[in-house]
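# Overview (structure and organization)
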Amino acid sequence: MLERVIITTEEGTHTIKIPEWNECYHSHHGILQEANHVFISNGLDKIHSKEISILEMGFGTGLNAFLTLNKAIEKNIKINYYTIEKYPVSTEEFEKLQYWKLTDEEEAEKKFFLLHEAEWEKEIVIENNFKLIKYNLDFFELKNIPIQNIDLVYYDAFGARVQPEFWDEPMFRQIYNCMSSPALLTTYSSKGSARRAMELVGFKVEKLQGPKGKREMVNAWKI
């Protein structure tokens, strides 16, 4: 596993950086503005249902799951949250990130710890309206997991510069096949080759304004 270090973003929050790749888990401009823009405003808020099944590709720091949990409580919706992560962050790392301080939500610290400490490959009830199943697997093992009828995909893999295999047709085909219809995949990347790969497997792709530091992002719909 590559070395990981904690860094401070422009907004004063923290994220993890992999020096060998010069790649961060979140934007160095700020973790909240990016996650809320890409995955909440242009993801969760576009699915109008009282029960939503979400697949997150890349659990990482747990930020997207944490923000989604808080949103589920706020909107009183039921979330079935599935996520895949091959290299989980350590207890020492997520304790240093202190993401529970980003919200005034009751028992935020307890909930953040529950997300990270949840047993792998087992359904865990974090809240009455939020169930979590984490898989300690490689992305390409998605086809071996009994996941179907996904309404929303948070695609949060590292960029194509360092992991091009995660932005090509075979990967997007696996995801497409486990989604319901209609359903949405949202991601921070708008790389042309990735958009073409999404279109090849059947997604209807639209470019949107990106978060701070990125001109564009993508919503890909399975109609």
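Our subject is the structure listed above.
In what follows, the accompanying structure is described. All residue numbers here refer to positions counted from 1 along the written sequence of the relevant chain. Only residues with pLDDT of 70 or above have their local features reported here, since the model is predicted, and side-chain atom pairs are shown and tallied only from 80 upward, although totals for entire chains, interfaces and linings are computed over all residues. The side-chain numbers reported here are obtained from all heavy atoms of the structure, hydrogens and water having been left aside.

## Section: the environment of methionine 171
Stated formally: In this description a helix means any DSSP run of H or I spanning at least four residues, a strand means any run of E spanning at least two, and both kinds are numbered starting from the N terminus. When accessible area is computed with a 1.4 Å probe and restricted to protein chains, residues below 20% of their type maximum are described as buried, those above 50% as exposed, and intermediate ones as partly exposed. Contacts were defined at the residue level, with two residues in contact if any of their heavy atoms lie within 4.5 Å.
Within the element layout of this structure, methionine 171 appears in helix α5 (residues 169-177). Accessibility expressed as a relative area gives 0% for methionine 171, which makes it buried. C-alpha separation for the pair methionine 171 and glutamate 141, spaced 30 residues apart in sequence, amounts to 9.9 Å. Non-local contacts of methionine 171, meaning those with residues more than four positions away in its chain, are made with Met57, Phe139, Phe140, Leu142, Tyr155, Glu165 and Phe166.

## Observations concerning the nonpolar core
We count it as follows: Only buried Ala, Val, Leu, Ile, Met, Phe, Trp, Tyr and Cys residues count toward a nonpolar core, and they belong to the same one when joined by side-chain atoms within 4.5 Å.
Within the largest apolar cluster, 79 residues are counted, with the highest numbers of intra-cluster contacts made by Met57, Tyr155, Phe172, Ile175, Leu185 and Phe203. Ranked by the residues each element gives to this core, the list is headed by helix α2 (residues 63-75), at six residues. In contact with phenylalanine 203, other than residues within four places in its own chain, are Phe172, Tyr176, Met179, Leu185, Met198, Ala220, Trp221 and Lys222.

## Some words on the sheet that holds strand β5 (residues 78-84)
The line we're drawing: Pairs of strands are assigned from DSSP output, requiring at least two bridges between the strands. Lines fitted to C-alpha atoms define the axes here, with helix axes fitted over just the stretch in contact, and angles between the N-to-C directions of these axes take values from 0 to 180 degrees.
Read across the sheet, eight strands follow the order β6-β7-β5-β4-β8-β9-β11-β10 without closing on themselves; strand pairing throughout is mixed. A strand with exactly one partner marks an edge of an open sheet, and here the two such strands are β6 (124-127) and β10 (204-209). Between one strand axis and the next, the sheet turns by 20° as a mean value, whatever way the strands run. Pairing geometry for β6 and strand β7 (residues 130-135), over three bridges, is antiparallel. Residue valine 125 lies in a different strand from β7, and its bridge partner there is lysine 131. Most of the contacts of helix α4 (residues 108-117) go to β7, to which it runs at about 35°, and overall it touches β6 and β7. Sheet strands in contact with helix α6 (residues 192-201) are β9 (179-187), β10 and β11 (216-222), and its direction is about 150° off that of β10.

## Section: empty space enclosed by the protein
What counts here: Put plainly, a pocket is an open set of points on a 1 Å grid over the protein atoms alone with protein on both sides within 12 Å along at least five of seven lines, a cavity is a set where a 1.4 Å probe fits but cannot get out, and a lining residue has an atom within 4 Å of a point. Grid points are joined across faces, edges and corners, and a volume is the space filled by probe spheres set on the points. Residue classes follow a fixed rule: Ala, Val, Leu, Ile, Met, Phe, Trp, Tyr, Cys and Pro count as nonpolar, while Asp, Glu, Lys and Arg count as charged, and any other residue, Gly among them, counts as polar.
Under the definition given, this model contains one cavity of 30 Å³ or more. As for the largest cavity, its lining consists of His26, Glu34, Ala35, Val38, Phe39, Asn64, Asp156 and Tyr188. Here the element with the most residues in the lining of the largest cavity is helix α1 (residues 31-41); it accounts for four residues. The class makeup of the residues in the lining of the largest cavity is four nonpolar, two polar and two charged.

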